[in-house]
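# Structural overview
What follows is the residue order along each chain.
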Amino acid sequence: MRLSAGRGSAPGFIPVTDGVYLLREPFGGTTTGIILLRSAENILIDAGGSAALVDSVLVPALAALGLAPRDIDVLTCTHTHGDHIGGFARMRELGVKQIAAYIKSVDKIRDPLYYNVEIRRAFPENSPPPSAGLVGTTVDTALADGDRIGGRLELVATPGHDDDAVCFFDHGTGTLVCGDSVQLDGTAVQGCGAYMYLADYRRSMARLGALHAARVILGHPFIPAGDIVEGADAVDHLFDTAIQKTELYRDFVKSCLDAGETDTAAVAKRLVDFVGGIQPAHLFLPMYTVREHMKELL
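For the structure given in this document, a descriptive report is provided here. Per chain, residues are indexed from 1 in the order of the written sequence. With the structure being a predicted model, the display of local features is reserved for residues of pLDDT at least 70 and the display and counting of side-chain atom pairs for 80 or more, all residues being used for whole-chain, interface and lining totals. Hydrogens are left out, water is left out, and the side-chain values use all remaining heavy atoms of the structure.

## Looking at the packing of aromatic side chains
Only centres within 6.5 Å qualify two rings of Phe, Tyr or Trp (six-membered ring in Trp) as a pair; their planes then separate them into stacked at under 30 degrees, edge-to-face at over 60, and tilted for everything else. Applying the stated criterion across every chain, the model contains four aromatic pairs. Judged by centre distance (5.1 Å) and plane angle (85°), the rings of phenylalanine 123 and tyrosine 288 are edge-to-face. Note that phenylalanine 123 is positioned in the loop between helix H5 (112–118) and strand S7 (141–143) and tyrosine 288 in helix H9 (residues 284–297), a separation of 165 residues in sequence. On the basis of relative accessibility, which here comes to 9%, the residue phenylalanine 123 falls in the buried class. When the ring of phenylalanine 252 is compared with that of phenylalanine 274, the centres are 4.5 Å apart and the planes differ by 20°; the resulting orientation is stacked. Taken together, the residues span a long stretch of sequence, with phenylalanine 252 in helix H7 (residues 232–258) and phenylalanine 274 in helix H8 (residues 264–274) at a distance of 22 residues. Here the term buried applies to any residue with accessible area under 20% of the maximum for its type, exposed to any over 50%, and partly exposed to those in between, with areas from a 1.4 Å probe on protein chains only. Residue class for phenylalanine 274 comes out partly exposed when judged on its relative accessible area of 40%. Ring pairing ties together the aromatic residues Tyr195, Tyr201 and Tyr249, which thus form one cluster. Per the convention used, a helix needs a DSSP run of H or I reaching at least four residues, while a strand needs a run of E reaching at least two, with both numbered from the N terminus.

## Observations concerning the state of the cysteines
We call a pair of cysteine sulfur atoms a disulfide whenever their separation is within 2.5 Å. Taken as a whole and judged by the stated rule, the model has zero disulfides. Between cysteine 178, a free cysteine, and cysteine 167, which holds the nearest cysteine sulfur, the sulfur-to-sulfur gap is 3.6 Å. Residue class for cysteine 178 comes out buried when judged on its relative accessible area of 0%. The cysteine cysteine 192 is free of any disulfide, with cysteine 256 supplying the nearest cysteine sulfur at 12 Å.

## Structural notes on the nonpolar core
Side chains of a nonpolar character, in soluble globular proteins, are inclined to be buried together. Counting 42 residues, the largest nonpolar core has Leu176, Cys178, Val182, Leu208, Val216 and Phe239 as the members making the most contacts within it. Taken together, the elements giving at least two residues each to this core come down to strand S10 (166–170), strand S11 (175–179), helix H6 (198–209), strand S12 (215–222), H7, H8 and H9. The criterion is simple. A nonpolar core is a set of buried Ala, Val, Leu, Ile, Met, Phe, Trp, Tyr and Cys residues joined through side-chain atoms within 4.5 Å. Among the nonpolar cores identified, the runner-up in size contains 26 residues, and Phe13, Leu53, Ala61 and Val106 belong to it.

See the structure below:
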């Protein structure tokens, strides 16, 4: 299911279910999801890609619901890639009451630019320039796997896309907020699914499937699911498909290796074509995926 703001209008939060809202923030040719839970506490999951987007998109969207950053009781994140935590420092400046994050994300939030550089180091010739506008901030509360925010929002550690990727399961509505943990065939600008830790990714998909959530909200419109998956059967199918995609990718990479093609970038380009994706401007994310399958196969 895909919803969008009307032509020429600024994006705003849309209701997903009781007290759960999704804001689709424009970013890099796709959208990044920001999720708001309203109950006894106002909880915001992710804050978009930059301070400028906080001011131009997130703050007006909150205002349309009668809220300001100072009304957010807890700001947290699904992982520490720049398009999800680039707005954290600005939200701190604007008065968010508390920032809480998975313990593996704490240092990365303190210095996101350093980590932004690090994830490009593996494939420097195929990576975009670092996001120079990233500014760090401190985390007030470090969370562990299984901890809850506001008594209802449970952190579920789901490494794979990155080592600090997490999901949040809302026990109040049965909603599972997944960020980028479920990759499928990636986004329209990504080319294919992207995971840096293949074995962890498969285990995470199995763990999420066992939750039997009522609905899932993804961090981007991932192909072919979109960013909202509604209903228990569709959710079960989502996680089964995510695992099947890794098997499909593995078999394709094996066919390339068997044919004598061992260059990571060349195989990544072929994988993007194989899944029907658009060749991305920078190939580093598909290259991480290919490298993981090469490790598995060699």
